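Okay, here's what each chain looks like letter by letter:
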Amino acid sequence: MQLIQENPDLSAYLAADEAIDHHHPLVREMSARLAADVHDSYEYARAAFEYVRDRVTHSQDADDPRVTWRASDVLEQRTGICYAKAHALAALLRAEDIPTALCYQQLGVAHGLVAVRFHGAWHRQDPRGNKPGVDARFSLDGERLAFTPDPSNGETDHPVLYAAPHPAVLHALRNAADRAHLWRTLPTALRRPVMNPGA
């Protein structure tokens with residue numbers, strides 16, 4: 001599958017926004033701590049991925065009712081669903097000037113991933129968290145994602161690489177009173193947002 005940048009300007013994939021708040025002191029502190037133990041940006045990206053995958057629980061797996069969506073909150077509370085964990089990983093990577101996109105799979109509901117740019121190419125990563133039957137790993141040499149879509153069930157990969165969270169994802173996260181409410185309002189399909197031509 002050919003991944004498609006929503007924005008041709010690579011700097012958009014380094015930007016901070018309300019959800020990927022990588023200028024927040026907590027995000028900066030965590031990125032500095034992770035960076036202190038590595039030798040290069042590749043090792044840093046792997047360390048950040050493994051931190052979010054393993055140290056931030058997937059709230060469904062942990063039966064945690066809290067809903068997080070802002071990267072700094074995800075890192076502080078150490079819980080979130082796939083979208084929130086993707087926001088946290090994107091913030092940690094962008095904090096160290098690694099271009100990072102948000103991307104999605106359609107698995108009955110939309111599932112959130114990130115893509116990192118190394119050696120002139122994008123590489124998708126899934127920090128959702130492992131469990132029996134799920135073994136996602138950081139890889140620039142072939143994808144090691146949590147799930148493989150089954151086209152016979154209408155599942156698919158979305159090729160678009162977003163610089164900011166998809167509006168439908170952000171709306172569901174921000175408006176959920178708790179995880180049970182979120183589960184009833186998760187986006188089942190993602191349409192490419194219409195860009196404002198005057199922007």
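Please refer to the structure placed before this passage.
Procedures and definitions
Throughout, residues of each chain are indexed from 1 in the direction in which the sequence is written. The model is predicted, so local features are restricted to residues of pLDDT at least 70 and side-chain atom pairs to those at 80 or more, both for listing and for counting; the totals for chains, interfaces and linings are taken over all residues. Side-chain figures throughout are based on the complete set of non-hydrogen atoms in the structure, without hydrogens or water. Secondary structure follows DSSP: runs of H or I at least 4 residues long count as helices, runs of E at least 2 residues long count as strands, and numbering of each begins at the N terminus. Multiplying 1.5 Å by the helix residue count minus one yields the expected span of that helix. Relative accessible area decides the class of each residue, using a 1.4 Å probe on protein chains only: under 20% of the type maximum gives buried, over 50% gives exposed, and in between gives partly exposed. In this analysis an axis means a line fitted to C-alpha atoms, helices contributing only their contacting stretch, and an angle means the value between N-to-C directions, from 0 to 180 degrees. Any angle that is under 35 degrees is reported as roughly parallel, and any over 145 degrees as roughly antiparallel; angles of 65 to 115 degrees are reported as roughly perpendicular and all others as oblique. Handedness of a crossing follows from how the near helix is turned relative to the far one, being left-handed for an anticlockwise turn of less than a right angle and right-handed for a clockwise one. The contact rule is simple, with two residues in contact once any of their heavy atoms fall within 4.5 Å. Polarity classes work like this: nonpolar for Ala, Val, Leu, Ile, Met, Phe, Trp, Tyr, Cys and Pro, charged for Asp, Glu, Lys and Arg, and polar for all others, with Gly in that last group. A pair of strands is labelled paired if DSSP reports no fewer than 2 bridges between them. Aromatic pairs are defined between Phe, Tyr and Trp rings, using the six-membered ring for Trp, whenever the two ring centres lie within 6.5 Å; interplanar angles under 30 degrees are classed as stacked, those over 60 as edge-to-face, and all others as tilted. Geometrically, a lysine NZ or arginine CZ counts as sitting over a ring once it is within 6 Å of the ring centre and also within 35 degrees of the ring normal. Between N or O atoms, a polar contact is any pair within 3.5 Å; within protein, one atom must be a potential hydrogen donor and the other a potential acceptor, and residues adjacent in sequence are included only when both atoms are from side chains.

Asks: Whenever I open this one, helix H4 (residues 82-95) confuses me. Can you help?
Replies: For the α-helix, the turn length of 3.6 residues means that residues three or four positions removed from each other point alike. In a regular helix each residue adds 1.5 Å, so 14 residues correspond to 20 Å; H4 covers 20 Å between its end C-alpha atoms and thus fits that length. With 14 of 14 residues buried, H4 lies mostly within the body of the structure. Asp 97 occupies a position one or two residues after H4 and carries a positive phi of about 60°.

Asks: Quick question: what am I supposed to make of the packing of helix H2 (residues 41-55) against H4 here?
Replies: Axes are the key here: two packed helices are described by the angle between their axes and the distance separating the axes. For the pair H2 and H4, interaxial distance at closest approach is 10 Å and the crossing angle is 155°. Comparing their axes, H4 and H2 come out roughly antiparallel. In this structure, the crossing between H2 and H4 has a hand that is right-handed. Every residue of H4 that contacts H2 at Tyr 44, Ala 45, Ala 48, Phe 49, Val 52 and Arg 53 is listed here: Lys 85, Ala 88, Leu 89, Leu 92 and Leu 93. Tallied by class, residues from the contact of H2 with H4 come to 9 nonpolar, no polar and 2 charged.

Asks: Where do I start with the packing of helix H1 (residues 25-35) against H4 in this structure?
Replies: Contact geometry of H1 with H4 gives a least axis separation of 9 Å together with a crossing angle of 65°. One finds that H1 runs roughly perpendicular with respect to H4. For the element pair H1 and H4, the recorded crossing hand is right-handed. On the side of H1, the interface is formed by Val 27, Arg 28, Met 30, Ser 31 and Leu 34, while H4 contributes Ala 91, Leu 92 and Ala 95. A breakdown of the residues in the contact of H1 with H4 according to their chemical character gives 6 nonpolar, 1 polar and 1 charged.

Asks: How do you make sense of the sheet that holds strand S4 (residues 100-107) when you look at a structure like this?
Replies: Hydrogen bonds between backbone atoms are what pair the strands of a sheet, whose relative direction is either parallel or antiparallel. Read across the open sheet, the 4 strands follow the order S6-S5-S4-S7; overall the sheet is antiparallel. For this open sheet the edge positions go to strand S6 (121-125) and strand S7 (156-157), each flanked by a neighbour on one side alone. Pairing analysis gives 5 bridges linking strand S5 (residues 109-118) to S6, with the strands arranged antiparallel. Directly across from Arg 117, in S6, lies its bridge partner Trp 122. In this fold H4 packs onto S4 and S5, with an angle of close to 15° to the strand it touches most, S5.

Asks: I keep staring at the packing of aromatic side chains and nothing clicks. Help me out?
Replies: What characterises a pair of aromatic rings is the spacing of the ring centres plus the angle enclosed by the ring planes. Scanning all chains against the criterion turns up 6 aromatic pairs. Seen from their ring centres, Tyr 13 and Trp 122 are 5.2 Å apart, and the 65° between their planes marks the pair as edge-to-face. Taken together, the residues Tyr 13 in the loop between strand S1 (4-5) and H1 and Trp 122 in strand S6 connect sequence positions 109 residues apart. Residue classification places Trp 122 among the buried residues on the basis of a relative accessible area of 13%. Ring-pair connections join several aromatic residues into one group, and the members of that group are Tyr 42, Phe 49, Phe 118 and Phe 138. Over the aromatic face of Trp 183 sits the side chain of Arg 179, whose NZ or CZ is 5.9 Å from the ring centroid.

Asks: How do you make sense of the environment of Asp 126 when you look at a structure like this?
Replies: Relative to the assigned elements, Asp 126 resides in the loop between S6 and S7. By relative accessible area, which is 0% here, Asp 126 ends up buried. Each C-alpha atom of the pair Asp 126 and Ala 115 lies 8.6 Å from the other, and the pair is 11 residues apart in sequence. Once you skip the residues sitting within four places of it in the chain, Asp 126 turns out to touch Phe 49, His 111, Gly 112, Leu 113, Ala 136, Leu 145, Ala 146 and Phe 147. There is a polar contact of 2.7 Å between the side chain of Asp 126 and the side chain of His 111. Of the polar contacts made by the side chain of Asp 126, one reaches the backbone nitrogen of Arg 128; its length is 3.0 Å.

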